[in-house]
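Geometric and topological summary
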Amino acid sequence: MAQAPDRVRALLRMLQGAGTPGGVRKSLERELGRETVDALIASKLLVRGARATRYPCPRGGSHCPREVVPNVGDTERPFVAVPPSGELCCDPLPLTEAALATWTFSYRAFAATLSRLFAIRGEANVRDEVFPATFALGRCAHGGIERDAFLMLDLNGSAPVSFLRARQAQGLPTVAFAHARSRFVSPEIDAHFRTGAVVVVFLEDELEMGFEGVRRRADATLVLADHVVAPAAFCAVVDARGKRTIDEAEYRRIVASAHEYDLFLDTTTTVDAGRYACGRREGDAFVRSAVTAYQGLPTRS
Ligand SMILES: [Zn+2]
């Protein structure tokens, strides 16, 4: 029987990429094992969907997808999965209503589980990607700093490395929870994103499958604080919400998203010859500039 870390690895493998794991119990059990399917249903990580119209071949024949039709006269097993006509692989299979229930993995429930296990706060968004197969989970504290927490379900290839490097270059504190390592995952991930502003945490190192669902491994090493101890006030910001003090992470986030504002002026640092970086929206474009302390915002001449 598969050990707990291997069982969670099988789940993470299914989560990798764009597809949503799901199907009838029979197919899920084939991939994940019966105990894992039970645990995922019990913890609502698998949610019940519509009745299946197809059923896998009981002998695992890939050329034997079965159409489900009513099994007239049998109240206990009211459906029957019939093999395609012609090449007969196996006999028609009478089925109960329960056997035909489909189950779909709930990313929303998974995000909620990760938030609980890793002390992530704020609203998760598992509908809109911030990068292909990457979702915002909220914010959490790790290594003494507040970070944006992401769920990254496709670390294969070089594009995700570029995404992480870009965040590093912008000084955006990040913790990315990733699927299991695969041979397509760049070794650079483990080499460069273990510590620092951008940290990648492989969920296979942190999670195991219990009877009640996914839980932290006893030997998990990641330490996440549920809050940052006294975040140092870095500067003040005045925006639509009024004036407030913010920490450095928040400051960097605002600077990185300056183009989203109608008007922007950063007096904490100078850019050239003592000028302050500023910018403003002109039509659809965000025009960047710099002003001295005695100037207002530049006008077009
Ligand atoms: Zn068959």
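Residues numbered from 1 in each chain as written. Predicted model: local features only at pLDDT ≥ 70, side-chain atom pairs only at ≥ 80, totals over all residues.

**Some details on helix α5 (residues 159-169)**
Threshold: As a rule, residues whose C-beta atom has 12 or fewer other C-beta atoms within 10 Å are exposed, those with 20 or more are buried, and those in between are partly exposed; C-beta atoms are placed from the backbone. For helices the rule is a DSSP run of H or I covering at least 4 residues; for strands it is a run of E covering at least 2, with both sets numbered from the N terminus onward. What the arc covers is the set of directions going from the helix axis to the C-beta atoms. Here the contact rule is simple: place C-beta atoms from the backbone, and any two residues whose C-beta atoms are within 7 Å are in contact.
Among all positions in α5, only P160, F163, L164 and R167 are buried. Looking straight down α5, one finds that the buried residues subtend no more than 95° of arc, so they occupy a single side. Along α5, the residues that are exposed and aim more than 90 degrees away from the buried face are S162 and A169. Taken together, the buried residues of α5 touch β9 (145-152), β10 (174-178) and β11 (198-202). Just downstream of α5, G171 is the residue with a positive phi angle, here 65°.

**A look at the domain arrangement of the protein**
Quick reminder of the rule: Domain start and stop points were drawn from an automatic or database domain assignment.
Looking at the protein, the domain boundaries give domain 1 (4-105), domain 2 (107-225) and domain 3 (235-291). Between domain 1 and domain 2, the residue contacts involve 19 residues of the former and 21 residues of the latter. Breaking the side of domain 1 that touches domain 2 down by element, the ones donating at least two residues are α1 (4-15) and α3 (34-42). Here the element with the most residues in the side of domain 1 that touches domain 2 is α1; it accounts for eight residues.

**Remarks on the sheet that holds strand β3 (residues 54-55)**
How we decide: Two strands make a pair as long as DSSP finds a minimum of two bridges between them.
The strand order across the open sheet formed by four strands is β3-β4-β5-β6, and the pairing between neighbours is antiparallel. This sheet does not close on itself; its edge strands, each paired only once, are β3 and β6 (93-95). Strand direction decides the pairing type here: β3 and strand β4 (residues 66-70), joined by two bridges, are antiparallel. Bridging across to β4, R54 finds its partner in E67.

**Comments concerning the sheet that holds strand β7 (residues 101-105)**
In a beta sheet, neighbouring strands pair by backbone hydrogen bonds and run either parallel or antiparallel. Put simply, the rule is: The axes are straight lines fitted to the C-alpha atoms, using for helices just the contacting stretch, and the angles between their N-to-C directions are given from 0 to 180°.
Pairing within the open sheet is antiparallel, and its three strands lie in the order β1-β7-β2. Pairing within the sheet leaves two strands with one partner each, and these edge strands are β1 (22-24) and β2 (46-51). On average, each strand axis in the sheet is tilted by 30° relative to the strand beside it, whichever way the strands run. Lying over the sheet, helix α2 (residues 25-32) contacts β1 and β7, oriented at roughly 120° with respect to β1.

**Description of unusual backbone geometry**
Here the phi dihedral of K44 falls at roughly 65°; this positive angle occurs in a residue that is not glycine. If you trace the backbone, K44 turns up in the loop between α3 and β2. The partly exposed category is assigned to K44, around which 15 C-beta atoms lie within 10 Å. Its identity as a non-glycine residue notwithstanding, A133 has a phi of 60°, on the positive side.

**Here's the deal with the packing of α2 against α3**
Note the threshold: By definition, any crossing whose near helix is turned counterclockwise from its far helix by less than a right angle is left-handed, and any crossing with a clockwise turn is right-handed. Note on residue categories: nonpolar means Ala, Val, Leu, Ile, Met, Phe, Trp, Tyr, Cys or Pro, charged means Asp, Glu, Lys or Arg, and polar means any other residue, Gly included.
One way to put it is that α2 packs onto α3 with a least axis distance of 7 Å and a crossing angle of 120°. Judged by the twist between their axes, the crossing of α2 over α3 is right-handed. When α2 is examined against α3, the residues R25, L28, E29 and L32 are found in contact with a partner set consisting of R34, T36 and V37. Here the contact of α2 with α3 is composed, by residue class, of three nonpolar, one polar and three charged.

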